Amino acid sequence: MHNDPEVIVRSPQELIGDLNEQQAQAVQFRGPALLIGAGAGSGKTRVLTRRIAWILTRFGAWPSQILAITFTNKAAAEMRERLSTLIGPVAQRMWVSTFHSACVRILRRDGERIGLKSGFTIYDTADCERLVKLIATDFNIDVKRYTPRQILARISDYKNGLTGVRETLAQYAPDFRPGTRGFRIGHIGNVEELYAIVYAEYQHRLALANAVDFDDLIVRTVELLRTQPDVAEYYRRRFRYILVDEYQDTNHAQYVLVRELAGVDSGERPSSDAVGAGRQGPAWITVVGDSDQSIYAFRGADISNIQDFEQDFPDARTIMLEQNYRSTQTILDAANAVIAHNEGRKPKKLWTAAGKGAPITGYAADTAQLEAHWIAHEIRRLHEEEGVRYSDVAVMYRANAQSRSLEEGLIQAHVPYQLIGGTKFYERREVKDALAYLQAIVNPADGINMRRILNVPKRGLGARAESMVTVWADERGLTFWQGIEQADRIEGMTTRTLNPLKRFAAMMTQLRTFAAEHDRQPSQVVAEVLAQSGLLEELQKSTDPQDQSRVENLSQLQSVAAEYEQNTPDATLAGFLETTALVADSDQLPDEAEDTGKVTLMTLHTAKGLEYPVVFLTGMEQGTFPHSRAMEDTSELSEERRLAYVGITRAKRHLYITRAAVRAQWGRASEMMPSQFLDEIPDELIDWKRREAGVERMRSGWGRGSDGGSSYGRGDDWDAGLDEFGGWDDGFAEPSYGGSAYGRSSYGSSSYGSSSYGGSSYGSSSYGSSSRGRSSSSAAAPRFGSAARERSSSSSSGNGGAHFSYGVSGSSPTSTRSSSRFGSAASASSRSGKVTTRRTSPKSSPKPASALDKDNRLDINDFHVGDKVSHDSFGLGTVLETQDKGRNSIITVDFGSDGVKRLMLRVAPIEKL
DNA sequence: ACCAGGAGCCGATAC
DNA sequence: GGCTCCTGGT
Ligand SMILES: Nc1ncnc2c1ncn2[C@@H]1O[C@H](COP(=O)(O)OP(=O)(O)OP(=O)(O)O)[C@@H](O)[C@H]1O
């Protein structure tokens, strides 16, 4: 055995001594293909880490021979961290990363071979949408009918399934040639034809722009390996052990990637004398996953990858882990009961030695606000009475939109929290603008980013200028940037446009020179861009209070760049941009050991792989969770159920499940029925603090109490007051609790900003993973103290330099106005579940008419000065003036307190009284 | 070319 | 409640 001298050799005892029988077997397993299948919390990740250490020390592998794939950057950093303690600092040099990061690395090295130049740009979803929109406009495609989103989803499906442009074209549009100028889509007999055409053009333009989208990172790497045998050979020799975590959420492209990297189909024979995978033959593959936790089908994850593993890989073995080390029996029972409702799965026997533990606590609130209120106060109670640390509590929800009311509840109760996900820092407009400059500098062929910045800040280069350059450049087969460079050769260009164009070109050239000279100091390039472009200046001059926080975001961007620079030995501008493209929500999560003193709020999806002593699953309602769009279809519903399973199994000791009887959405209130998942949990596991909401109780009649009412009583006194008095009628419009606490005062300061983006979110933790150690963010010592202080002080932790607070404005709470929407009762009893509840009107609009050809057929001549009219949003008004302009007639109405409005009659939602 | 205001459209989950 | 598109006016 030839161990890497830098690897600390661990004894078997150290590596498997504290594992159970199956775990130990999995760690030591010798063979080309191993699936560690297991239920939640059975130690899969732990086993995977130990197995890596085992391979290194017992099979004599070198760290460079290992490729370990995790689901998130965060998980990669954590695994690397654990490996460091096991085998020493060499771990930092190992390939432990997500599929995407690994592929970027491969493509940066060898992408040239398939036409990707080294500075290639990674488009995010917004960029891709812009590109599709551009194509759609060029091709005369009705984006109302075929939304860019829809088209992109289809393209993504193609890619995840490794279906290439050539195939789709051959099948659906054999005559189309991408890049044909002046192409217009005519009558499409077949939607597939349209998709195929856009897909082809989209790929064509990506190639011209030297850009890739997220899916391409995988797909093009597969292409690279498949078409360039010597490159494939290189990686096959190099990676002798490939390990993949969360294998149930891999898609087809990723599956093929693993196969290609491992050389499973190369037909090469393994060296017979090797202890492990040896030097030749297919690499040894270990995958880890739980089919019941597959929750990313919507982005192509294919559960059959894990289900068929044994058939797919020669000599594959499966080892099941069955002991759960995380949760109490009660929590496991609930999880098992729920997931048992999914059809066509192999039942698992998962057990725990932990004992029953506390019952699950249930709570049915009247509204989402009250749900949040109850949760917040319960968390505070746990903290104050039971000494639970805030950072040991997580609040989870199905969709990001739900976080708002929860945040408000927590703020009111002075519970410090940290929100993970939602709108991301790098997606903010000003940050995206600055990044677009950087992209355009690194890769001027990138037309999307170049176009984006052409007139940001305003330079008098609008749509006309843009299209003139585009047309001229297209005709000559040049890029947009080349068009700009040669703008003075464009005919018919006025000096009014030409001058700013030339200035723009000069500025960009200058910035490019600067960037080339300072490639190792991205932060300096950022600073230069901010100054030279005028981005900063425009915002600084602005009086809009929002722009103040935008300035701070930009300065934050600069400190992020500085930090990247410090933590990355071979820092480059392109490298920096790459890290910004690949950040995920989960990167905002605090480090494992860290006590932030804050409750964590996140979606169920981001919660995957995590664990918390106390978990709140919120919004347990039909339509919310399971989500309305997923309720019709069995397979989507199954996925929702798996998501519920994931959620439940995040809890170690205490699980809460809550729901609201009324939830505001689209500004309207809808009645929500209890989630069917609640019915699927055995009732005796749940201690309902409040089983029915006020509305529901009123309907089923007071006298009877709740439907079988086992545990109604205890703990009810607290909310009894709310129920009877604040709960339903008054309480909805204007909550009676807390007196005037609903007021603005508690929103003051920077609480929003610091809790969302502050702390380690975008500072240290984001970048630790990209290279070396995690920048010692351990400096952020846990602080306790008054909740309020905790919140406002947190913004200064971590990164040196600019802390930023993010606009407080516009986030004032609005108590939902109900306007009697639910007088018409669905007489269902509260726990009947199982039925679609939401009274949203069925979407049956066949052709959404564009606003252009919209006409309410009102005649201006029917209106006279002094007439009373009623407007959908402004209410009652008096006609002041009418202007007969035919189709574009204008009516001026005085709406009293809402002011005087000039309305276009054709589209105005008004009615003559 | 740019701004303001109005209307209508939507909206899951995310690398 | 939030975002984008549209319009008319500057
Ligand atoms: N042999 C063991 N002894 C004690 N604790 C263990 C053992 N194995 C795992 N654990 C603990 O159990 C918990 C769950 O482990 P881990 O996160 O690896 O599970 P998992 O299978 O990846 O879970 P999930 O699939 O739900 O994300 C962790 O807190 C881990 O430390």
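Structure first, text after, so check above.
As the structure is a prediction and not an experimental result, all values here were calculated from the model.

Novice: Help me understand the sheet that holds strand E2 (residues 66-70) in this model?
Specialist: Pairing between sheet strands relies on hydrogen bonds along the backbone, with the strands arranged either parallel or antiparallel. Taken in spatial order, the six strands line up as E3-E2-E6-E7-E1-E8 in an open sheet, and their pairing is parallel. Two strands in the sheet have a free side with no partner beyond their single neighbour: strand E3 (95-98) and strand E8 (316-321). When strand polarity is set aside, the average angle formed by the axes of neighbouring strands in this sheet is 15 degrees. Along the sheet face, helix H3 (residues 44-58) touches strand E1 (33-38), E2, strand E6 (241-244), strand E7 (284-289) and E8 and points at about 170 degrees away from the line of E6. Most of the contacts of helix H4 (residues 73-87) go to E3, to which it runs at about 160 degrees, and overall it touches E2 and E3.

Novice: Even after reading the chapter, I still don't get the nonpolar core, so can you show me in this structure?
Specialist: A general trend in soluble globular proteins is that nonpolar side chains are found buried together. Grouped together as the largest cluster of nonpolar side chains are 50 residues, with contacts concentrated most on Leu438, Met450, Ile484, Phe504, Met508, Leu557 and Phe576. It is helix H22 (residues 495-517) that contributes the most residues to this core, nine residues altogether. For Ile484, the residues in contact, after removing those within four places along its chain, are Met450, Leu454, Val469, Leu501, Phe504 and Ala505. Among the nonpolar cores identified, the runner-up in size contains 47 residues, and Leu35, Leu225, Ala232 and Ile306 belong to it.

Novice: When you look at the environment of Ser533 in this model, what are you seeing that I'm missing?
Specialist: Of note, Ser533 is situated in helix H23 (residues 522-533). Between the C-alpha atoms of Ser533 and Met507, which are 26 residues apart in sequence, the distance is 7.5 Å. Other than its neighbours up to four places away in sequence, Ser533 contacts Tyr437, Pro457, Arg459, Met507 and Glu528.

Novice: Before we go on, may I ask you to explain the site of the ligand in this structure?
Specialist: Residues in contact with the ligand amount to 17 residues; listed here are only the nearest, Gln23, Lys44, Thr45, Glu611 and Arg650. Contact between the ligand and Gln23: a nitrogen atom at 2.8 Å from a side-chain N or O atom of the residue. Glu611 places a polar side-chain atom, nitrogen or oxygen, 2.5 Å from an oxygen atom of the ligand. The fraction of the free accessible surface of the ligand (630 Å²) that becomes covered by protein chains is 82%. The leading source of residues in the shell around the ligand is H3, at three residues. Per-class residue counts for the shell around the ligand are three nonpolar, eight polar and six charged. In this structure, the shell around the ligand is formed jointly by two domains, domain 1 (12-115 + 217-321) and domain 3 (331-424 + 588-697), each of which donates at least three residues.

Novice: Please explain the packing of helix H15 (residues 329-339) against helix H27 (residues 634-648) as it appears in this structure.
Specialist: How two helices sit against one another is set out by the angle between their axes and by the gap between those axes. One way to put it is that H15 packs onto H27 with a least axis distance of 9 Å and a crossing angle of 175 degrees. It follows from the interaxial angle that H15 and H27 lie roughly antiparallel. Together, Ile331, Ala334, Ala335, Asn336, Val338 and Ile339 of H15 and Arg641, Arg642, Ala644, Tyr645 and Ile648 of H27 make up the contact between the two elements. Per-class residue counts for the contact of H15 with H27 are eight nonpolar, one polar and two charged.

Novice: Looking at this structure, how should I read the protein's contact with DNA strand B?
Specialist: The environment of DNA strand B is formed by 35 residues, the closest being Arg398, Asn400, His605, Trp666 and Lys901. Here a phosphate oxygen of DNA strand B sits 3.2 Å away from a polar atom, N or O, in the side chain of Arg149. Take Asn400: an N or O atom from its main chain is 2.7 Å from a phosphate oxygen of DNA strand B. Taken together, the elements giving at least two residues each to the surface near DNA strand B come down to helix H20 (463-475), H27 and strand E22 (900-904). Here the element with the most residues in the surface near DNA strand B is H20; it accounts for three residues. When its residues are assigned to classes, the surface near DNA strand B shows 13 nonpolar, ten polar and twelve charged.

Novice: Explanation requested: the packing of aromatic side chains in the structure shown.
Specialist: The relation between two aromatic rings is expressed through the spacing of the ring centres and the mutual angle of the planes. This structure, assessed with the given rule, holds 21 aromatic pairs. Relative to Phe176, the ring of Phe139 has its centre 5.9 Å away and its plane inclined at 75 degrees; by these criteria the two rings are edge-to-face. Taken as a pair, Phe139 in the loop between helix H6 (125-138) and helix H7 (148-160) and Phe176 in the loop between helix H8 (165-172) and helix H9 (191-208) lie far apart in primary sequence, 37 residues in all. For the pair shown, Phe139 and Phe176 are each scored as buried.

What counts, and where the lines are drawn
Residues numbered from 1 in each chain as written. Chains lettered and ligands numbered in written order. Predicted model: local features only at pLDDT ≥ 70, side-chain atom pairs only at ≥ 80, totals over all residues. Heavy atoms only, no water. Pairing = 2+ DSSP bridges. Helix = DSSP H or I, 4+ residues; strand = E, 2+ residues; numbered from the N terminus. Axes fitted to C-alpha atoms, helices over the stretch in contact; angles between N-to-C directions. Contact = heavy atoms within 4.5 Å. Core = buried A, V, L, I, M, F, W, Y, C linked by side-chain atoms within 4.5 Å. Buried < 20%, exposed > 50% of the residue type's maximum accessible area, 1.4 Å probe, protein only. Near = heavy atom within 4 Å. Polar contact = N/O pair within 3.5 Å; in protein donor to acceptor, adjacent residues only side chain to side chain. Areas by Shrake-Rupley, 256 points an atom, 1.4 Å probe, with all protein chains shown as cover. Nonpolar A, V, L, I, M, F, W, Y, C, P; charged D, E, K, R; others polar. Domains from an automatic or database assignment. Parallel < 35°, antiparallel > 145°, perpendicular 65-115°, else oblique. Phe/Tyr/Trp six-rings, centres within 6.5 Å; stacked < 30°, edge-to-face > 60°.

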